[in-house]
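# Observations on the model geometry
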Amino acid sequence: MTQMKYLLIIGDGMADYPVEALNGKTPLQVANKPNMDELAFKGRSGILRTIPEDMAPGSVIANLSILGYDPKKWYTGRGPFEAATRGIRLGKNDIAFRCNLITEENGVLVDYSAGYITSDEGRELMRCVEDNLGKPNEIDFCAGVRYRNLLILRNDSYSDDVLCTPPHDALGVKISEILPRAKTPAAEFTVATLNRMIFDSKRILEDHPVNVNRVALGKRPGNMIWPWGQGKKPSMPTLQERYGISGAVISAVDVVKGVGIYAGMEVVNVPGATGYYDTNYEGKADYALEALKKHDMVLIHVEAPDEAGHSGDHEQKIRTIEDLDRRLIGRLSRGLDEECAIAVLPDHATPIKVRTHTKDPVPFTICSPLIEPDDVKCFDEVSARRGGFGFLERGELFMSLFVAAE
Ligand SMILES: [Zn+2]
């Protein structure tokens, strides 16, 4: 018997609450999605808690759960997952921080993205920060896309026991109230270093030509660095070690690729995959079919429904679900020539009404020749409640149902 193949399709933020404008139905219930419904019809459904109740509803945490990793054990922070994606190798005790370029005005944090600064400008500012504040083999700044940079502390005298504030949660707050703080005495030195660099960066960046130019054009300057989301790399067992399968991940979102990298998966980059409504659905399907020849499992992550949820646009959300269904899942199904188990689910909900991620458990369906179907006929939040898998309280159980059913 040939080894079973697995397709894991994640529609980011796809789950929702009933929407008034949709007569109390959810976008998943209203969308025309024959392929997802067929998978639910032939498969077995259930409800899954991907976000532990005491954790924040983010994509990294949810995707860890789905891939079988208890996020309480393996989620070490956003920084190390972004570092993995960027090809930055972390030593055992290295600490990776997300390091935003922000706008500070009269002692207040006014913009977590420095006016959505361009990557070219951001890179130039970060080069200046690196030249002035970096230290070889100890303090590294890595410029990224737009305002999203990284800071790596590589010295055993640093600690990750630091309380940092995500800058998007502190708009309009005084800098002095949200500076990094030590959780333990061992972190005092780290905090002193971070705070010194935050204030030094202001001095260095304030009159930088890039910022002088931005201000002259009425744009917000990137006049301060803001470290947060820190952690050491998680030393997770790979999917091969846990389930005896090899995997590939297809996503336009850095941190989702980061989860895949720590799980030992190959990152497959698809041209035109944007993480937005205009993403290359067909390309993702074609690359997934190709990757499936080499690997046992391919994870395909689509960000667009989450974006529609954040923008509060239910029509757009329905369109993203229909695109995912027709242009990706339909194309995949037609292209499969061997026995394959297919699972579809959101990582978390991003309801139209609240326009942000929530911790609500999500519907899932698994269609596999090895799994007995239930009588659920559609894929949505309500139908899945009657699914044969019931309610899985621990998200990491999903993977054992999906791949260990032989
Ligand atoms: Zn997500």
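In case you missed it, the structure is sitting above this.
Residues numbered from 1 in each chain as written. Predicted model: local features only at pLDDT ≥ 70, side-chain atom pairs only at ≥ 80, totals over all residues. Heavy atoms only, no water.

### Details of the sheet that holds strand 13 (residues 340–345)
Taken in spatial order, the 8 strands of this open sheet run 11-10-12-1-13-14-2-15, and their pairing is mixed. Looking at strand neighbours, the two that pair on one side only are strand 11 (266–267) and strand 15 (391–392), the edges of this open sheet. In this sheet, strand 11 lies alongside strand 10 (residues 247–250) in parallel orientation, the contact comprising 2 bridges. Of the residues in strand 11, the one forming a bridge with V249 is V267. Against the sheet, helix 13 (residues 314–335) engages strand 1 (5–11), strand 12 (297–302) and strand 13, with an angle of about 175° to strand 1. (Pairing = 2+ DSSP bridges. Helix = DSSP H or I, 4+ residues; strand = E, 2+ residues; numbered from the N terminus. Contact = heavy atoms within 4.5 Å. Axes fitted to C-alpha atoms, helices over the stretch in contact; angles between N-to-C directions.)

### Section: helix 11 (residues 281–294)
When the terminal C-alpha atoms of helix 11 are compared, their 21 Å separation across 14 residues agrees well with the 20 Å that a helix rising 1.5 Å per residue should span. Every buried residue of helix 11 is accounted for by Y281, G283, K284, A285, A288, L289, A291 and L292. Looking at the buried residues of helix 11, the elements they touch are strand 1, strand 10, strand 12, helix 12 (304–311), helix 13 and strand 13. (Expected span 1.5 Å × (residues − 1). Buried < 20%, exposed > 50% of the residue type's maximum accessible area, 1.4 Å probe, protein only.)

### Thoughts on the nonpolar core
Membership of the largest hydrophobic core comes to 49 residues, with the highest contact counts inside it found for L8, L67, L239, M297, F398, M399 and F402. Those residues in contact with L239 that lie beyond four places of it in its chain are L67, Y69, G244, I245, A263, M265, M297 and M399. One finds L7, L28, A248 and I318 within the second-largest nonpolar core, a separate group that totals 39 residues. (Core = buried A, V, L, I, M, F, W, Y, C linked by side-chain atoms within 4.5 Å.)

### So, the pairing of strand 14 (residues 362–367)
For a regular strand, the rule is simple: side chains alternate between the two faces of the sheet. By the criterion of burial, strand 14 is predominantly enclosed, with 6 of the 6 residues buried. Residue alternation in strand 14 divides its side chains into two sets, V362, F364 and I366 and P363, T365 and C367, and both sets are buried. Sheet analysis places strand 2 (residues 44–48) next to strand 14, joined by 5 bridges and oriented antiparallel. For L48, the partnering residue across the bridge sits in strand 14 and is V362. The sheet contact formed by strand 13 and strand 14 spans 3 bridges and is antiparallel. Within strand 14, the residue paired with I342 across the bridge is C367.

### Regarding the packing of aromatic side chains
Summed over all chains, the structure comprises 10 aromatic pairs. Each ring, one from F398 and one from F402, has its centre 5.6 Å from the other, and the planes form 25°; the classification is stacked. Of this pair, F398 and F402 both sit in helix 14 (residues 397–403), separated by 4 residues, roughly a single helical turn. Ring pairing ties together the aromatic residues Y6, F364, F389, F398 and F402, which thus form one cluster. The ring of F389 has R44 lying over it, and the distance from NZ or CZ to the ring centre is 5.3 Å. (Phe/Tyr/Trp six-rings, centres within 6.5 Å; stacked < 30°, edge-to-face > 60°. Lys NZ or Arg CZ within 6 Å of the ring centre and 35° of its normal.)

### Remarks on the pairing of strand 6 (residues 148–153)
Most of strand 6 is tucked away: 5 of the 6 residues are buried. Bridge analysis of strand 3 (residues 95–105) against strand 6 gives 6 bridges, and the strand direction is antiparallel. Within the sheet, the bridge partner assigned to A96 lies in strand 6 and is I152.

### Digging into the coordination of the zinc ion
Protein-derived coordination of the zinc ion comes from D12 (OD), D12 (OD), S59 (OG), D347 (OD) and H348 (NE2), at a distance range of 1.9 to 2.4 Å. As a motif over one chain, the donors of the zinc ion read D-x46-S-x287-D-H. H348 sits in the buried class, given a relative accessible area of 0%. (Donors = N, O, S within 2.8 Å, 3.2 Å for Na, K, Ca; no water.)

### Some remarks on the pattern of salt bridges
Any two side chains of opposite charge can pair if their charged atoms end up close together. In the structure shown here, the tally under the stated rule is 24 salt bridges. Among the salt bridges present, the one from R154 reaches D140, with a minimum N-O distance of 3.0 Å. Here R154, found in the loop between strand 6 and strand 7 (162–163), pairs with D140, found in strand 5 (residues 139–145); they are 14 residues apart in sequence, far enough to count as distant. Looking at R154, the relative accessible area reads 22%, which means it is partly exposed. Relative accessible area serves as the criterion here: at 19%, D140 is assigned to the buried category. The residue D323 makes a salt bridge to R327 at a minimum N-O spacing of 3.7 Å. A residue pair is termed a helical-turn pair when its members lie 3 or 4 positions apart in one helix, as D323 and R327 do in helix 13 at 4 residues. Salt bridges linked by common partners bring E282, D323, R326 and R327 together as one network. (Salt bridge = Lys/Arg side-chain N within 4 Å of Asp/Glu carboxyl O.)

### Concerning helix 6 (residues 119–133)
Compared with the 21 Å implied by 1.5 Å per residue over 15 residues, the 20 Å span of helix 6 between its first and last C-alpha is a close match. At its buried positions, helix 6 is contacted by strand 3, strand 5, strand 6, helix 7 (188–205), helix 8 (209–216) and strand 9 (224–231).

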